[in-house]
Amino acid sequence: MDISTQKTDQAPPPTAPPTTTEQKRAARGATRPGDRIFLGLSRGSGILLLAIMAAIAGFLAYRASLAISKDDANFLTAFEWNTGVIPPKFGIAVLAFGTVVSSVIAMVLAVPIAVAIALFLTHYAPRRLRSPISYVIDLLAAVPSIVYGLWGALILVPQMDGLFGWLDEYLGWTGIFSWDQGAPRSMLTVGILLAIMILPIITNVSREVFRQVPQMHEEAALALGATRWEVVRMSVLPFGRSGVISASMLGLGRALGETMAVATVLSPDFDIHASLLNPGGGTFAQNIASKFNEASEFGRDALIASGLVLFVITLLVNGAARAIIARRKEYSGANA
Amino acid sequence: MAKRIDVSGLTAYYGSHKAIEDISMTVEPRSVTAFIGPSGCGKSTFLRTLNRMHEVTSGGRVEGKVLLDDEDLYGHGIDPVSVRREVGMVFQRPNPFPTMSIFDNVAAGLRLNGKYKKNELQDVVEKSLKGANLWNEVKDRLNKPGSGLSGGQQQRLCIARAIAVEPNVLLMDEPCSALDPISTLAIEDLIGELKERFTIVIVTHNMQQAARVSDRTAFFNLSAVGQPGRLIEIDDTERIFSNPSVQATEDYISGRFG
């Protein structure tokens, strides 16, 4: 905004396009020392960010290529991870499946609850309850993930038998919820734990978004005779939609990359299981964490190759979220 | 459809602050009543008590009676939500639902009230947009977002949305203060047409507007900042602007205020 107004103030008339460096600089509004320093700082930060991303991608791609070129199995589809044998055979199919499945479970459980909590805090809760509840949720976000992992392994896992038995009895026929009475260190348990871990971030961001719904949008609905829930449905949720998607993406990012909590709870193997209740499977981050210390140089390259795939998946997910937000941009509250 | 409003002894509070005190007036059906007065005199607050929007603000409460024909809006067991379905409102800044199309904006109130068949909805939307003098401008882009319209068009869209549910009363809170003179004229013409069907109450800071559109004018004032606003007088608009019975009204209208 500032730059554009200054542009019109200081740029020469449109008939004479800026030619000298001096004029170009004037057109950008960076003539005063303060402006110039700020321009340099902000541009430098932007470039630095891109440079870091490029460096990470380059490092991952280079080390990954060393490993993948020697892989005797199909890197994308193989159900094994043997980097210590000759020829080495390893593939990321199980890891990709496990990462996606556990994150999807976490999102399915966490997003509706987080949105409901955020709505409660902004539109239903008595004023004096709002800050204590928000404070507790912030605390939840501050718990280190290893603590979640320990809690998951020591408290959550032993408690899952009841739920698993119930699911097996009533939904076991679907195959997804069948259970062979093994220890419940399975994808579903991981998903539940991840859901608890990503709940605070989604709740907090959604709460901020819902709080910013302009009063006039809510009054528009109220004046038509909308009940409180109808105000939420007509004004609050549509306005907050892109914000909730962004919040979910932050949560998803954490779920996709979560390492210690998954490694502590999951009982991994290298197979894809139809049932979410039986132990087994694995995720990228968990696999890297549990194998990295004992891996050979080549084994590490192979793990880095799997990290590259996680990197790409995260980029794709973020891109998809941005596309969803952009698709209905003209309907967003931003231009109102 | 249009109903009479009968207010007696109405006092409204924001928490412990008394915003307006002891207001009584009658608004005839199928007429336009304008509220004028200095900022902070409580005319908007009073307007918002007429559809129970006042109590949406935290700490907002009301004492006194507002009768719509014979029904007390603040009576025991009256649901504010159903009051607002009978008493529509148009706001100072146009506020179409930004995520909804033009069609959905107009249909929003109907959809709240129950199920309608698609062609019934289409009929009502067309009728309401015609009633708001907007149909010819938007009939080819009903599925485009309402927020893409100009300010004046958006305000007429909000009027169409308000009249689509056939309210008994239409409240307008400075509906033209964010609009240019041409859009203002369009809204004023529209108010003249709408009063055939609705009881209309309009708050305005524009004295010429009050003189142009209203049948009756009510002047509000407050004795000092922090004091509650009061109704000074209500009379036929012609009389208020030519020969008001209270000196304060004449001072305000002729610009000798304060």
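Cut-offs used in this document
Residues numbered from 1 in each chain as written. Chains lettered and ligands numbered in written order. Predicted model: local features only at pLDDT ≥ 70, side-chain atom pairs only at ≥ 80, totals over all residues. Helix = DSSP H or I, 4+ residues; strand = E, 2+ residues; numbered from the N terminus. Contact = placed C-beta atoms within 7 Å. pLDDT = per-residue confidence, 0-100. Core = buried A, V, L, I, M, F, W, Y, C linked by C-beta atoms within 7 Å. Buried ≥ 20, exposed ≤ 12 C-beta atoms within 10 Å, placed from the backbone. UniProt positions renumbered as here; feature names shortened; annotations may be inferred. Expected span 1.5 Å × (residues − 1). Domains from an automatic or database assignment. Nonpolar A, V, L, I, M, F, W, Y, C, P; charged D, E, K, R; others polar. Pairing = 2+ DSSP bridges. Arc of directions from axis to C-beta.

**With respect to the overall build of chain A**
Looking only at helices and strands, chain A has 12 helices and 2 strands in total. N-terminal to C-terminal, the α/β element order of chain A is α-α-α-β-β-α-α-α-α-α-α-α-α-α. Residue pairs in contact within chain A that sit at least 24 positions apart in sequence constitute 69% of those at least 6 positions apart.

**Some points on the confidence of the model for chain A**
All names here are of chain A. Per-residue pLDDT for chain A has a mean of 86; in total, 88% of the residues score no lower than 70. Averaged pLDDT values over the elements of chain A bottom out at 42 in helix α1 (residues 2-10) and peak at 94 in helix α4 (residues 93-124). Note on residues 1-14: pLDDT under 50 across the span, and 12 contacts to partners over four residues away in sequence or across chains.

**Here's the deal with the nonpolar core**
Counting 146 residues, the largest nonpolar core has Ile198 of chain A together with Leu170 of chain B as the members making the most contacts within it. The dominant element in this core, judged by the number of residues it contributes, is helix α7 (residues 187-211) of chain A, at 15 residues. Setting aside its immediate chain neighbours within four residues, Ile198 of chain A contacts Ala106, Ala110, Gly251, Arg254 and Ala255 of chain A.

**A look at the UniProt feature "domain: ABC transporter" (unreviewed entry) in chain B**
This chain's UniProt record puts "domain: ABC transporter" (unreviewed entry) on residues 5-247 of chain B. The straight-line gap between the two end C-alpha atoms of residues 5-247 of chain B is 27 Å; of that span, 35% is helix and 27% is strand.

**Quick word on helix α3 (residues 33-68) of chain A**
With 36 residues, α3 of chain A should reach 52 Å at 1.5 Å per residue; the first-to-last C-alpha distance of 51 Å fits that figure. When you tally the buried positions in α3 of chain A, you get 2 out of 36 residues, a small fraction of the element.

**Points about the domain arrangement of chain A**
Residues and elements named next belong to chain A. According to the domain assignment, chain A consists of domain 1 (2-72) and domain 2 (89-335). Contacts between the two partners involve 10 residues from domain 1, matched on the other side by 10 residues from domain 2. Split by residue class, the side of domain 1 that touches domain 2 holds 7 nonpolar, no polar and 3 charged.

**Observations regarding unusual backbone geometry**
Here the bond from Ile86 of chain A into Pro87 of chain A is cis, since omega is -5°, no more than 30 degrees from zero. Structurally, the position occupied by Pro87 of chain A is in the loop between β1 (81-82) and β2 (89-90). In this structure, Asn133 of chain B is a non-glycine residue whose phi angle is positive, near 55°. When you line up the elements, Asn133 of chain B lands in the loop between α4 (118-131) and α5 (135-138).

**Describing the pairing of strand β3 (residues 32-36) of chain B**
Residue and element names in this part refer to chain B. Taking burial as the measure, the 5 residues of β3 include 5 buried ones, the bulk of the element. Of the two faces of β3, the one holding Val32, Ala34 and Ile36 and the one holding Thr33 and Phe35 are both buried throughout. For β3 and strand β8 (residues 199-203), the ladder comprises 4 bridges, and the chain directions are parallel. The residue bridging Val32 from the neighbouring strand is Ile200, located in β8. Relative to strand β9 (residues 216-222), β3 runs parallel, the two being bridged by 4 bridges. Within β9, the position partnered with Phe35 by the bridge is Ala218.

**Here we look at α4 of chain B**
Side chains that are three or four residues apart share a direction in an α-helix, a result of its 3.6 residues per turn. All names here are of chain B. The terminal C-alpha atoms of α4 lie 20 Å apart, and with 14 residues this matches the ideal 20 Å at 1.5 Å per residue to within 8%. Regarding α4, the residues found buried are Val124, Val125, Ser128 and Leu129. Buried residues of α4 fall within an arc of 130° about the axis and therefore sit on the same side. Structural note: α4 exposes Asn119, Glu120 and Asp123 on the side pointing more than 90 degrees away from its buried face. Looking at the residues trailing α4, positive phi occurs at Asn133, about 55°.

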